[in-house]
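# Observations on chain architecture
Residue strings, one per chain:
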Amino acid sequence: MTETEGLIAGLLLLFALVVYTFWPENAFASQKEKTRLDFLLERKEQLYENLRDLNFEHRAGKYPEEDFQTQRALLEKETADLLAEIDRLQQA
Amino acid sequence: MAALGSFALLIALALAAYNLLAGTIALRLIATGTPARISPERLADTARRAGIAGFYAVTAAAFALVWSAFANDFSITYIVEHSNRALPAPYKFAALWSGQEGSLLLWAWLLGTYGFVLRLRHKTDVKLYAYAGTILAGIQVFFLLILNFAAPPFALLKGTIPDDGNGLNPLLQYPEMVIHPPMLYLGYVGFSVPFAFALGALMMRYPGEKWIHITRAWTMATWLFLTCGIFLGMRWAYAVLGWGGYWGWDPVENASFMPWLTGTAFLHSVMMQERRGMMKSWNVWLIFSTFLLTMLGTLLTRAGLVSSVHAFAQSSIGTWFYVFMGIVLAICIFTYIYQRGHLKTEHHLESLVSRESSFLFNNLVLLTACFVILWGTLFPILSEYVQGTKVTVGAPFYNRVAIPIGLFLLFLTGVGPLLPWRATSFKSIRRNFVLPVIALWATVIVCLAVGVRPWVNGAFSSGNFYALVAFAVGVAVFVAVLSEFLRGAHVIARQTGRNLLSATWLLTRRNTRRYGGYIVHIGVVVVVLGLAGSAFNRNVESEMGVHDAMHIGPYTLECTGFTQDSNANYDSEYAILNVTKGGKTLFQMTPEKRAYHLGGGDQPQTMVAIHSVPMWDLYVVYEGMNPDTGQPIIKAFLNPLVGWIWAGLVIMVLGTLIALAPSLSPATAALRVPVARQVAPEVALKGGD
């Protein structure tokens, strides 16, 4: 490829990429602001997963009964608080 | 092609600069809600498209360079310096990263590729991706500025165009070298993505930890690439440098190892943030440090800052890197100080004996190792600055510190999975640790019985002691991980009536991340056992004429002849050795010495002959002729368990791939959550502000 051919190829590339970048597009993606409620709903999924893990590990014999009950009560309280706040925000 | 390549790089720079500028303005307008003539969302979208277009432009430039190598276009200085007509095709491709300009182009192309994929997936979270894309554009601007103005790969040769090039560095003409640098660079460059997400999430005060979930696959894939890159480099050093080892604590080896250490720490501690909203500041700084260490690694490899067998370039681009790293650090510090209120922890460490604390210890140990290696790597520069003389830190310094640290890490690899989250009782510890502790002491007894003892001829041997500890802890960790699999599989077997094997498979598929991670831990154990084998390396060296023999371990090597060969690329000279064991001929080995016609023909290169079995490697080097006697010199090594290192890598790759696969949807949770109570706002959960 000669220098002139290279420059022509470069100009064609420039033209194509500029057209691609600035092509009028009305359907560009946008999203609503993430709220605290969205965060809490995500957190709820994580807490459910933590509870599932705890139950599974208990069934697998990793936790003695008293440890399991303590941990489960703590997680359930955390989940209950979270669900309460979700409920409050959804009603507001 | 030079004109097209140079033009494409200029276009790529303009597009990356537009991406950075328009993206920053758009995000600022969105954040402040300032009214503008153009919709900020539209402006952000043009910035995103500029990022995608930039990928095409950098691809065109990379293509132009590779094409020039294949077309033997010796009007380009880079092609003259790194290729020649007789160079085999795969190595012509490798010319792209064999020199400084080409490797920087590879960096830019890989960053463009990562950015391309990221920008195509922007609908996952438009705003977060816009922040990450803009930060990546900033990094891309830096590399494209260097490529356009400081280290242009398409610079034309002044004067007469030669008929042939100087050829590729012979040390690089090795199959692993075709994939080792791209793997390493995929790892280096890949850490830009979690870095960009972390910085972006902090800048926009991203509510929650979903950004970690989004970047999880990126981080794991990047870690996998870096791991493979490091191991391929070890394999290359083992097979090409001919000293019988695979890791010499060379500054460039260290440079790749440091981000691996901090990246591994990040992969672990980020789980605490996901599950419990802890360690937020720590994680942010871990990923910031990892990115800066990848930059340092690139600087060490490319700018000739330190002497190394792996540093294939000497140049003055160091100043560019110092300035860039300074700017990045300043932005990180400023953003952290400005937004640190967003990083308040939601929970505190409840017990020193818990999964969280094991992650914390793991992180502290990994960071200590990283600091020690950084200190040793930069010590020659610091000592020259302070004392005026360059003092190099050798392998004994690193081994003295890194081996105990590594063994403690191995210990934590087994302990972590056995500890429950939050807190644990003595009863729980006793229940979970019985089997591994029995396995540990049983291994110690077996090792002592078979002769693996911490003393040699009555004197204490630290190498043997560490090997004994590594074997014992390694087996204990293996048992700990295995017991985790078996416990879970038993539950599933009881629930579903499946056999244990099928239940283990279902268990793994239900939680790929956890059990994939455990498989990686098994891979680490196998690697450590392989490394521990080096305490028992043996070697012999001797001049060998035809029909002479040498003995090493159970093998006898008999020389049956020496021969020479020649092709367009190099002349070679090799010995033919028949290997026998107990009088029975097993196989033939042909260690070789090559003299390349171009690219360093004055320094013959070693091609080691390696015969690998699970127990050890028989590793034979043809060291050339003794100038005094005219006799060929053969050096043979018997390196125990080296094959386990590469097998461990395969297990680690498999585990990471499993961890990357999506888990099966969770079974219905047996939740027993009390009826939601009305709580006052002040006692609401922290985080997500």
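Remember, it's a predicted structure, so these values are computed and weren't measured experimentally.

A few words on the layout of surface pockets. All names here are of chain B. Its boundaries defined by the atoms lining it, the second largest pocket holds a volume of some 1,000 Å³. Taken together, 42 residues make up the lining of the second largest pocket; nearest its centre are T24, Y131, I135, M203 and T335. Elements that contribute at least two residues to the lining of the second largest pocket include exactly helix 1 (2–32), helix 6 (126–150), helix 8 (192–203) and helix 12 (318–339). For the lining of the second largest pocket, the element with the most residues is helix 12, which contributes eleven residues. Per-class residue counts for the lining of the second largest pocket are 25 nonpolar, eight polar and nine charged. Split by domain, the lining of the second largest pocket shows at least three residues from each of two domains, domain 1 (1–173) and domain 2 (175–208 + 236–344 + 351–402).

With that settled, the discussion passes to the sheet that holds strand 3 (residues 538–543) of chain B. Residues and elements named next belong to chain B. A sheet is described by the order of its strands in space; here four strands give the open sequence 3-12-11-10, paired in antiparallel fashion. Each edge of the sheet is formed by a strand with only one pairing partner; in this case those strands are strand 3 and strand 10 (609–612). Going across the sheet, the axis of each strand differs from the next one's by a mean of 15°, ignoring polarity. Strand direction decides the pairing type here: strand 10 and strand 11 (residues 616–625), joined by four bridges, are antiparallel. Bridge pairing links S612 to D617 in strand 11. Sitting on the sheet, helix 9 (residues 210–240) is in contact with strand 10, strand 11 and strand 12 (632–640), with an inclination near 120° to strand 10.

Residues and elements named next belong to chain B. Parsing chain B into structural domains produces domain 1 (1–173), domain 2 (175–208 + 236–344 + 351–402), domain 3 (403–535) and domain 4 (536–642). Averaged C-alpha coordinates put domain 3 and domain 4 at centres separated by 38 Å. Across the boundary between the two partners, domain 3 contributes ten residues, which contact four residues of domain 4. Of the roughly 520 Å² buried where domain 3 meets domain 4, counting both sides, 63% is carbon and sulfur surface. Elements that contribute at least two residues to the side of domain 3 that touches domain 4 include exactly helix 16 (462–496) and helix 18 (512–532).

Further remarks concern the packing of aromatic side chains. Applying the stated criterion across every chain, the model contains 43 aromatic pairs over all chains. Each ring, one from F55 of chain B and one from Y56 of chain B, has its centre 5.6 Å from the other, and the planes form 50°; the classification is tilted. In this structure an aromatic cluster arises from ring pairing among W223, W247, W249, F257, W260, F397 and Y398 of chain B. Here the guanidinium or amino end of R49 of chain B rests over the ring plane of Y20 of chain A, the centre of that ring lying 5.2 Å away.

This paragraph deals with the nonpolar core. One broad rule of soluble globular proteins: the nonpolar side chains tend to lie buried together. One finds F195 and F197 of chain B to be the most contacted residues of the largest nonpolar core, which totals 150 residues. Looking at this core element by element, the count peaks at 17 residues for helix 9 of chain B. Formed by 32 residues, the second largest nonpolar core is a distinct cluster that contains F56 of chain A together with V525, V526 and A532 of chain B.

This part takes up helix 7 (residues 175–190) of chain B. In an α-helix, one full turn covers 3.6 residues, which means residues spaced three or four apart are oriented alike. Residues and elements named next belong to chain B. The end-to-end C-alpha separation of helix 7 is 23 Å, in line with the 22 Å expected for 16 residues at 1.5 Å each. Most of helix 7 is tucked away, with twelve of its 16 residues classed as buried. For helix 7, the complete set of buried residues consists of E176, M177, V178, H180, P181, P182, L184, Y185, G187, Y188, V189 and G190.

Looking now at helix 10 (residues 251–276) of chain B. The first and last C-alpha atoms of helix 10 of chain B sit 38 Å apart over 26 residues, in line with the 38 Å expected at 1.5 Å per residue. Most of helix 10 of chain B sits out of view: 25 of its 26 residues are buried.

Residues and elements named next belong to chain B. Looking at the element boundaries, M271 is found in helix 10. Given a relative accessible area of 22%, M271 falls into the partly exposed group. Sequence-wise, M271 and H213 are 58 residues apart; in three dimensions their C-alpha atoms are separated by 9.8 Å. Other than its neighbours up to four places away in sequence, M271 contacts F359, W421 and R513.

Listed by partner, the interface residues are 60 residues for chain A and 81 residues for chain B. Together chain A and chain B conceal approximately 6,000 Å² of surface at their shared face, both sides included; 57% is due to carbon and sulfur atoms. Inspection of the region where chain A meets chain B yields six salt bridges. A salt bridge links R514 of chain B to E57 of chain A, with the shortest nitrogen-to-oxygen separation between them at 3.0 Å. The tally of links between chain A and chain B comes to 14 residue pairs in polar contact (both at pLDDT 80 or more). Elements with a minimum of two residues in the side of chain A that touches chain B: helix 1 (3–22), helix 2 (36–59) and helix 3 (65–91) of chain A.

Right, let's get into the packing of helix 14 (residues 395–418) of chain B against helix 16 of chain B. Residue and element names in this part refer to chain B. One can describe the packing of helix 14 onto helix 16 by two numbers: an axis separation of 8 Å at closest approach and a directional angle of 15°. Taken together, helix 14 and helix 16 sit at an angle that is classed as roughly parallel. For the crossing formed where helix 14 meets helix 16, the hand is left-handed. Of helix 16, the residues touching helix 14 (which contributes I403, P404, L407, L410, F411, T413, G414, P417 and L418) are Y466, V469, A470, V473, G474, V477, A480, S483, E484 and R487. Grouping the constituent residues of the contact of helix 14 with helix 16 by class yields 13 nonpolar, four polar and two charged.

Here is what the cut-offs are and how they apply
- Residues numbered from 1 in each chain as written.
- Chains lettered and ligands numbered in written order.
- Predicted model: local features only at pLDDT ≥ 70, side-chain atom pairs only at ≥ 80, totals over all residues.
- Heavy atoms only, no water.
- 1 Å grid on protein atoms, 1.4 Å probe; cavity = no way out; pocket = protein on both sides within 12 Å on 5 of 7 lines; lining within 4 Å.
- Points joined across faces, edges and corners; volume = space filled by probe spheres on them.
- Helix = DSSP H or I, 4+ residues; strand = E, 2+ residues; numbered from the N terminus.
- Nonpolar A, V, L, I, M, F, W, Y, C, P; charged D, E, K, R; others polar.
- Domains from an automatic or database assignment.
- Pairing = 2+ DSSP bridges.
- Axes fitted to C-alpha atoms, helices over the stretch in contact; angles between N-to-C directions.
- Contact = heavy atoms within 4.5 Å.
- Buried area = accessible area lost by both parts, 1.4 Å probe.
- Phe/Tyr/Trp six-rings, centres within 6.5 Å; stacked < 30°, edge-to-face > 60°.
- Lys NZ or Arg CZ within 6 Å of the ring centre and 35° of its normal.
- Core = buried A, V, L, I, M, F, W, Y, C linked by side-chain atoms within 4.5 Å.
- Buried < 20%, exposed > 50% of the residue type's maximum accessible area, 1.4 Å probe, protein only.
- Expected span 1.5 Å × (residues − 1).
- Salt bridge = Lys/Arg side-chain N within 4 Å of Asp/Glu carboxyl O.
- Polar contact = N/O pair within 3.5 Å; in protein donor to acceptor, adjacent residues only side chain to side chain.
- Parallel < 35°, antiparallel > 145°, perpendicular 65-115°, else oblique.
- Left-handed = near helix turned anticlockwise from the far one by under 90°.

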